Amino acid sequence: MHFDEMLMQARANRGCPDEHPWVRVSGGDDATAAVREALEKSLRESGMEVRLFRTGSLGWGDFEPLMTVHRPGGPEVIYGGVNPSEVSELAIDLLRSGKARADRALCTKGGGRLDNIPRAEDLPFFKLQNRVALRNCGLIDPEDVDDYVACAGGYAGLSKASQMDQTAVLEMIRDSSSDNGKGCSLPDQLKVLAEAQSDEKYLVCNGIEGDPRASVSTLLLESDPHAVLEGMLIAAHAARTGRLIVCVNAAQPEIATRVGKAIEEMESKGLVGNNVLDSSFSCSVKVRGVQPSLVAEEETALLRFLEGKQAMPLIRPENEGLKLLGKPGIVLLPEALSKISAVFRETGTEGNTVAATRVVSLSGDIGHPCVVEVPGDTTIRTLVDEIGGGVAPGRTIKAVGIGTPMGKLLGSADLETPVASGSVDGSITIEVFDSERCSVELARDHMALLRKETCGKCVFCREGILQMADILDSIAAGEGTKDDLDLLGTLGKAMETGSICFVGKTAAAPVLGGLELFRHEYEAHVKDKRCPMLKRETTVQV
Ligand code: SF4
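Conventions used here
Residues numbered from 1 in each chain as written. Predicted model: local features only at pLDDT ≥ 70, side-chain atom pairs only at ≥ 80, totals over all residues. Heavy atoms only, no water. Near = heavy atom within 4 Å. Nonpolar A, V, L, I, M, F, W, Y, C, P; charged D, E, K, R; others polar. Core = buried A, V, L, I, M, F, W, Y, C linked by side-chain atoms within 4.5 Å. Buried < 20%, exposed > 50% of the residue type's maximum accessible area, 1.4 Å probe, protein only. Helix = DSSP H or I, 4+ residues; strand = E, 2+ residues; numbered from the N terminus. Contact = heavy atoms within 4.5 Å. Pairing = 2+ DSSP bridges. Expected span 1.5 Å × (residues − 1). Axes fitted to C-alpha atoms, helices over the stretch in contact; angles between N-to-C directions. Salt bridge = Lys/Arg side-chain N within 4 Å of Asp/Glu carboxyl O. Phe/Tyr/Trp six-rings, centres within 6.5 Å; stacked < 30°, edge-to-face > 60°.

Of all residues adjacent to the ligand, which total 13 residues, the nearest are Cys455, Lys457, Cys458, Cys461 and Cys501. Grouping the constituent residues of the shell around the ligand by class yields eight nonpolar, four polar and one charged.

This paragraph deals with the nonpolar core. Ranked by internal contacts, the top residues of the largest apolar core, which has 63 residues, are Tyr155, Leu190, Leu203, Leu229 and Val246. Ranked by residue count, the leading element in this core is helix H10 (residues 225-238), at nine residues. Leave out the neighbours within four places in its chain, and valine 246 touches Cys205, Leu221, Leu229, Met232, Val259, Val285, Lys286, Val287 and Arg288. The next biggest cluster of nonpolar side chains, apart from the first, holds 31 residues, and it includes Leu294, Ile465, Leu512 and Met533.

Where burial is concerned, most of strand E11 (residues 357-364) is hidden: seven out of the eight residues are buried. Bridge analysis of E11 against strand E12 (residues 370-375) gives six bridges, and the strand direction is antiparallel. Of the residues in E12, the one forming a bridge with arginine 358 is valine 374. The turn joining E11 and E12, which pair antiparallel and follow one another in sequence, is formed by five residues.

Before going further, it helps to examine helix H16 (residues 439-453). Here H16 contains 15 residues, and its C-alpha end-to-end distance of 21 Å stays within 8% of the 21 Å for a straight helix at 1.5 Å per residue. Turning to H16, its buried residues number three or more, namely Ser439, Val440, Leu442, Ala443, Arg444, His446, Met447, Leu449, Leu450 and Glu453.

The next point concerns the sheet that holds strand E15 (residues 429-434). The strand order across the open sheet built from five strands is E12-E11-E15-E13-E14, with neighbouring strands paired in mixed fashion. One side of each edge strand has no neighbouring strand; the edge strands of this open sheet are E12 and strand E14 (408-411). The average angle at which neighbouring strand axes cross in this sheet is 30°, direction not considered. Bridge count between strand E13 (residues 397-402) and E15: five bridges; the pairing is antiparallel. Paired with glycine 401 across the two strands is glutamate 431, which belongs to E15. In the packing of helix H20 (residues 509-528) onto the sheet, the strands contacted are E13 and E14, and the crossing angle to E14 comes to about 30°.

Before going further, it helps to spend a moment on the pattern of salt bridges. Inspection of every chain in the model, using the stated rule, returns 33 salt bridges. For glutamate 45, the salt bridge identified is with lysine 41, shortest N-O distance 3.3 Å. Of this pair, glutamate 45 and lysine 41 both sit in helix H2 (residues 30-46), four residues apart, which is roughly one turn of the helix. Aspartate 188 is paired through a salt bridge with arginine 174; the nearest N and O atoms lie 3.3 Å apart. One end of the pair, aspartate 188, is in helix H8 (residues 186-195); the other, arginine 174, is in helix H7 (residues 166-176), and 14 residues separate them in sequence.

Next up on the list: the sheet that holds strand E5 (residues 105-109). Here five strands make up an open sheet; going across it, the order is E2-E1-E3-E4-E5 and the pairing mixed. Of all the strands in the sheet, the pair left with one neighbour each is strand E2 (51-54) and E5. Sheet twist, expressed as the average angle between the axes of neighbouring strands with direction ignored, equals 20°. Inspection of the sheet shows strand E4 (residues 76-79) paired to E5 by four bridges, in the antiparallel sense. Opposite glutamate 76, over in E5, you have lysine 109 as the bridge partner. Across the sheet, helix H3 (residues 87-97) lies against strand E1 (22-26), strand E3 (66-70) and E4, angled at about 15° from E3, the strand it touches most.

In this section: the packing of aromatic side chains. For the structure shown, the criterion picks out six aromatic pairs. Measuring from centroid to centroid gives 5.9 Å for tryptophan 22 and phenylalanine 53, while their planes differ by 75°, and the two rings are edge-to-face. You can see tryptophan 22 sitting in strand E1 and its partner phenylalanine 53 sitting in strand E2, a full 31 residues away along the chain. Taking the relative accessible area as the measure of exposure, tryptophan 22 reaches 4% and is therefore buried. Between tryptophan 60 and phenylalanine 126, the aromatic rings sit 5.2 Å apart at their centres with planes inclined by 75°, giving edge-to-face as the arrangement.

Spelled out as structure tokens, the structure:
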């Protein structure tokens, strides 16, 4: 099928919703499904002709499920934290009378102003974001390719790229993004794959997310799978390969189902298979569930898993490319792929903007955990205080973990650091710790998690994590010594240099950072045999 024909079909199928009343429910959990079900019932009973749109999550954490109500002639009204019991009152009343509940509305969008309800663009969550990779999340139906094509300019980029010479596609990706997503040099990886002489090459999307606090890949695959898949096809065309594999978290089978449905829709539209959109580009896309773990996120470990072996990293000579089943391959993240489709779509963002955004999973001791995409010069303080709602009243930010559970620890003096600066490059998970947190407990939590994650291949990681965890337990129990603090430092440095993958190399970072920033707390545990953060005299229980 040619793209113009597909676009016409999609527009015809979708119609022009803004001329009619509609309600959109956004979110990705069971509570969202319950709201949607209650709303369907209420709309049926009301006898009103209202379209109900389903979307995935917008990334707005505890404000979801969101319900957006559109009444022609007025602005969209967005209600947050909606319960099934109130949908009738909130949605039907507004649709009938035009009166919005200002006490329950989060904001309005488009159209005019409503009394006592802020505009979306006045709220930090919207005002401070520049959504490129996340552009459609929470706005379109992830299970309706027509929605992606007709409303989000979807597959126009693939149509354009598939008619271009591969080198030109590669150049366009290079021009648009010298630093895509996690700081990897994506154009270089594509170029290496494009130049590899082989009858088989693989492009793998790594969407498994082994860190339980990270949710960017999950959000993208759940809320906008076509943006990732379109970027994947464009990247595959540039890299001269047609063998694509999407790896998803096996613990979330609903994601595999959603991506599988998206691929079926693509097949029905001629977007997968031979001669995609009547071009010379052909491809196949498969979905694989991978048991989530930190180590499985490592590229060589993931490729080994796909070969049916244990997910265990390999030592790879610096100039040697990745291999799957002995053939060349590359591994890319959903965020980078979604940005590629943004670059090529018919109307869209400028390349520099694409390169300059960072998608961040924000969690920890804050008011509103969320997933956002912000300009790279946004400071961590702005993210935490303005978008995340800050820490609880009476508390201050003690530290933030970047790339937790094993990333850097930044103290309160470093909160003006831009999110895309060198010190936080390579990671997009930010966990906030407030002033009530004990730095020893914080390090113990990290080590307890990592204890289960090390694959055991290298001694420095395997033994280092165990030993560090034991020492931290002993310090927390009031049995630590000053020598233990020195040993923690020595072990941490050895793990950084002696481990072969990022798990072991960064495992000690929260401990080393804690010793640097809060050594007095470690020393107080040793000297006073108790946690200085507790307002009692007893020894800490482990
Ligand atoms: S650093 Fe740790 S997780 Fe990585 S290969 Fe070595 S033992 Fe396995």
